[in-house]
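Read off the chains here:
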Amino acid sequence: MWLFLTSKSYFIDSFQVLSTEASLDKERVTDGLLNEFLATIENAPDSNVKVYCAYIDKMCKAGNLSAASQMLQILNDKNIAVSPDVYNLILVEASQKNDIVLSCLIFKKLLLSCKTASAKSCLKFAQAFSKVNDCVELLRFIKEVSEISCSSTSSFINKIIFAFAKSGQKDKALLIFDHLKSHNYSLDLITYNIVLDILGRTGRVDEMLDVFASMKETGFVPDTVSYNTMINGLRKVGRLDMCIVYFKEMHENGNEPDLLTYTAMIEIFGRTGNADESLKFFREMKLKGILPSIYNYRSLIQNLSKRGKVELATELLEEMNSSSTCLARPEDFKQKRRQRIT
């Protein structure tokens with residue numbers, strides 16, 4: 001027993017020594033980096049900014065984010081401009097450690113330095129909140145930084161809402177929207193289209209219908225993106241009658257259907273067994289010069305075959321095979337799914 005306790009104590013002591021040595025080594029590395037960084041600023045202040053950024057990158061990789069933030073502050077104090085990529089370096093590491101305080105600090109510094117933030121920076125910031133349930137501080141901070149980014153508030157808000165949705169935090173994205181809307185912040189049509197898309201993708205169509213109505217009451221005129229989002233959201237939950245209503249409204253308001261619109265309508269009428277109406281939309285699309293996709297052909301061929309219209313299905317199959325190089329590509333669907341957020 002005594003031997004066992006002695007051995008156990010030995011291993012514990014050895015482990016503590018190793019841990020202490022590793023901690024000291026890490027401290028020596030970070031101290032060395034910081035001293036080199038300060039010496040470079042002191043002795044060669046006109047050095048290429050990339051040199052300073054390399055030190056911050058090394059400090060991030062060494063795991064000392066506090067020192068990396070300190071380096072960034074020194075550069076800011078000396079009016080040495082750095083690119084958003086440097087802020088993103090620290091944001092990435094902070095989000096991986098779920099360090100909300102540091103993420104907020106760095107994101108605020110980024111906005112103070114350039115008054116805006118890219119979609120990439122907003123995404124890195126949003127990812128830090130993935131394991132946070134209390135949204136009080138988040139809403140307070142979003143309100144604060146929205147005021148900093150006042151030169152393009154709606155653009156900034158759009159990036160933030162989109163970033164939270166893209167990082168899998170759709171409820172937080174919607175919470176931010178509701179909060180800013182209730183405080184009369186500057187929202188635009190793109191903001192509403194993003195929120196409609198979030199609600200449609202999550203099957204919350206009743207809320208989507210309410211937001212669409214609210215958008216029109218606020219004075220925004222829905223565009224093709226708005227209607228496509230509504231039609232596709234309703235289509236996914238089987239509200240096909242409502243899809244037809246919004247397609248008619250879209251047409252009456254002078255919005256031109258595009259590839260996404262026609263694809264949805266072809267599928268909707270195919271689902272209801274109305275192959276003739278699907279074919280009508282398909283032909284109308286081609287007359288307007290919109291290239292059909294292989295998906296459009298396959299949907300029509302399948303539905304026509306089910307209705308016993310084998311000859312017509314065969315004709316479409318031959319047409320599809322002969323025009324394979326003149327079909328819509330996947331990116332043709334993506335480019336109009338929403339207005340671009342950069």
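Residues numbered from 1 in each chain as written. Predicted model: local features only at pLDDT ≥ 70, side-chain atom pairs only at ≥ 80, totals over all residues. Heavy atoms only, no water.

Bringing the overall build of the protein into the picture now. Within the protein one finds 18 helices and zero strands. Across the 342 residues that make up the protein, the buried fraction comes to 46%. For the protein, restricting intrachain contacts to residue pairs at least 6 apart in sequence, the fraction spanning at least 24 positions comes to 64%. For the protein, the exposed surface amounts to about 18,200 Å²; the carbon and sulfur share of it is 54%. (Helix = DSSP H or I, 4+ residues; strand = E, 2+ residues; numbered from the N terminus. Buried < 20%, exposed > 50% of the residue type's maximum accessible area, 1.4 Å probe, protein only. Contact = heavy atoms within 4.5 Å. Areas by Shrake-Rupley, 256 points an atom, 1.4 Å probe, with all protein chains shown as cover.)

Our next topic: the pattern of salt bridges. Applying the stated criterion to the full structure yields 16 salt bridges. With a shortest N-O distance of 2.5 Å, Lys 309 and Asp 276 are connected by a salt bridge. With Lys 309 in the loop between helix H16 (294-306) and helix H17 (310-322) and Asp 276 in helix H15 (residues 275-287), this pair connects stretches of sequence that are 33 residues apart. As a salt-bridge pair, Lys 280 and Glu 277 come within 3.3 Å of each other at their nearest N and O atoms. Of the two residues, Lys 280 and Glu 277 are both situated in helix H15; the distance of three residues between them amounts to about one turn of the helix. Relative accessible area serves as the criterion here: at 46%, Lys 280 is assigned to the partly exposed category. Classification of Glu 277 by relative accessible area gives partly exposed; the value is 22%. (Salt bridge = Lys/Arg side-chain N within 4 Å of Asp/Glu carboxyl O.)

What follows concerns helix H13 (residues 240-252). An ideal rise of 1.5 Å per residue puts 18 Å on 13 residues; H13 measures up with 19 Å between its terminal C-alpha atoms. Those residues of H13 not exposed but buried are Leu 240, Cys 243, Tyr 246, Phe 247, Glu 249 and Met 250. Check the buried side of H13 and you find it contacts helix H11 (205-218), helix H12 (224-236), helix H14 (259-271) and H15. Taken from the residues just after H13, Gly 254 is the one with a positive phi, measuring 85 degrees. (Expected span 1.5 Å × (residues − 1).)

So, on to unusual backbone geometry. Its identity is not glycine, yet Asn 98 carries a phi of approximately 55 degrees, on the positive side. You can see Asn 98 is positioned in the loop between helix H4 (84-96) and helix H5 (100-114). Accessibility expressed as a relative area gives 31% for Asn 98, which makes it partly exposed. Despite not being glycine, Asn 184 shows a phi value in the positive range, around 60 degrees. Mapping Asn 184 onto the fold places it in the loop between helix H9 (170-182) and helix H10 (189-201). Of the residues examined, Asn 184 reaches a relative accessible area of 71% and is grouped as exposed.

Ile 56, Phe 107, Phe 125, Ile 160, Ile 161, Phe 164 and Ile 176 are the most contacted members of the largest nonpolar core, which has 102 residues in total. Examining the composition of this core, we find that eight residues originate from one element, helix H8 (residues 153-166), more than from any other. Other than its neighbours up to four places away in sequence, Ile 176 contacts Leu 138, Leu 139, Ile 142, Ile 160, Ile 161 and Phe 164. (Core = buried A, V, L, I, M, F, W, Y, C linked by side-chain atoms within 4.5 Å.)

With that settled, the discussion passes to the packing of aromatic side chains. Scanning all chains against the criterion turns up 16 aromatic pairs. Ring centres 6.0 Å apart and planes at 75 degrees place the aromatic pair Phe 37 and Tyr 52 in the edge-to-face group. Of this pair, Phe 37 sits in helix H1 (residues 2-43) while Tyr 52 sits in helix H2 (residues 49-61), and the two are 15 residues apart along the sequence. For the pair Phe 37 and Tyr 52, a shared accessibility class is recorded, and that class is buried. Between Phe 37 and Tyr 55 the ring centres are 6.1 Å apart and the planes differ by 75 degrees, which places this aromatic pair in the edge-to-face class. (Phe/Tyr/Trp six-rings, centres within 6.5 Å; stacked < 30°, edge-to-face > 60°.)

This brings us to the confidence of the model for the protein. Counting all residues, the mean pLDDT for the protein is 84, and 85% of those residues have values of 70 or more. In this model residues 10-24 is a low-confidence stretch, pLDDT under 50, and it forms zero contacts with partners more than four residues away in sequence or in other chains. (pLDDT = per-residue confidence, 0-100.)

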